[in-house]
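# Working through the structure, step by step
Chain residues, written in single-letter form:
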Amino acid sequence: QVQLLESGGGLVQAGGSLRLSCAASGRTFSSYAMGWFRQAPGKEREFVAAISWSGGSTDYADSVKGRFTISRSNAKNTVHLQMNSLKPEDTAVYYCAAGLSRPSIVAGLYNYWGQGTQVTVSS
């Protein structure tokens, strides 16, 4: 079993940056592909970014490509999402997900989820 805990969210002005972290516990953490998803009020949970267990393969939603970077430190059982040039439309609760053998944009394929961290971007 894997337990995930997100942190690093907060309030930032448009154009600013935030770095989200996902701390994972579990002996098999390093073997899982992981992803970040977000959900705004009234909207469906949407894919943001994903990364393979090795960190060698990444995928990004078109809306964040070039602005967000996903990375992982297996030694520390941590996945990060560096968010730059933030826009008001990035405002959402961000969730860390894990449990796949390879990255996926489909939320329903992930087995484990964190509780989420709020990101609010003001205009």
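What counts and what doesn't
- Within each chain, residues carry numbers counting from 1 in the order of the written sequence.
- Reporting in this predicted model follows two pLDDT cut-offs: at least 70 for local features of residues, and 80 or more for side-chain atom pairs to be given and counted; totals over whole chains, interfaces and linings ignore these cut-offs and use all residues.
- The basis for every side-chain value is the complete set of heavy atoms in the structure, and neither hydrogens nor water enter the calculation.
- Every helix listed is a DSSP run of H or I at least four residues long, and every strand listed is a run of E at least two residues long, numbered separately from the N terminus.
- Taken over C-alpha atoms, the radius of gyration is set against a globule rule of 2.2 Å times the number of residues to the power 0.38.
- Categorising residues by exposure relies on relative accessible area from a 1.4 Å probe, with only protein chains included: less than 20% of the type maximum marks a residue as buried, more than 50% marks it as exposed, and the intermediate range marks it as partly exposed.
- A pair of strands is considered paired only if DSSP assigns at least 2 bridges between the two.
- In this analysis an axis means a line fitted to C-alpha atoms, helices contributing only their contacting stretch, and an angle means the value between N-to-C directions, from 0 to 180 degrees.
- Like charges within 9 Å and nonpolar side chains (Val, Leu, Ile, Met, Phe, Trp, Tyr) within 5 Å are joined into patches, using only residues over 30% in relative accessible area that form no salt bridge.
- The accessible surface values rely on the Shrake-Rupley method and a 1.4 Å probe; as for residues, cover is taken only from the protein chains in view.
- The working definition used for a salt bridge is a side-chain nitrogen of Lys or Arg within 4 Å of a carboxyl oxygen of Asp or Glu.
- For the purposes of this section, nonpolar cores are sets of buried Ala, Val, Leu, Ile, Met, Phe, Trp, Tyr and Cys residues that join through side-chain atoms within 4.5 Å.
- We call two residues in contact whenever any of their non-hydrogen atoms come within 4.5 Å of each other.

### Overview of the overall build of the protein
A tally of helices and strands in the protein yields 0 helices and 11 strands. Beginning at the N terminus, the succession of helices and strands in the protein can be written as β-β-β-β-β-β-β-β-β-β-β. Relative to the globule expectation of 14 Å for 123 residues, the C-alpha radius of gyration of the protein, 13 Å, shows essentially globular dimensions. By its C-alpha atoms, the protein is 40 × 25 × 25 Å across when sized along the principal axes. Burial statistics for the protein: of 123 residues in total, 43% are counted as buried.

### A word on the sheet that holds strand β3 (residues 18-25)
The strand order across the open sheet built from 4 strands is β1-β3-β8-β7, with neighbouring strands paired in antiparallel fashion. The open sheet terminates on both sides in strands that have one partner only, identified here as β1 (3-7) and β7 (68-73). Between one strand axis and the next, the sheet turns by 15° as a mean value, whatever way the strands run.

### Observations regarding a nonpolar patch on the surface
A cluster of nonpolar side chains, namely I105, V106 and L109, defines an oily patch on the protein surface of about 260 Å² accessible area. By the secondary structure assignment, I105 is in the loop between β9 (92-100) and β10 (112-113).

### Comments concerning the nonpolar core
Counting 36 residues, the largest nonpolar core has W36, L81, M83 and Y94 as its most contacted members. Those elements that provide at least two residues to this core are β3, β4 (33-39), β5 (46-51), β7, β8 (78-83), β9 and β11 (117-122). Per-element tally for this core: the top contributor is β9, with 6 residues. For L81, the contacting residues outside a window of four places in its chain are L18, R19, L20, W36, V48, A49, F68, T69, I70 and Y94.

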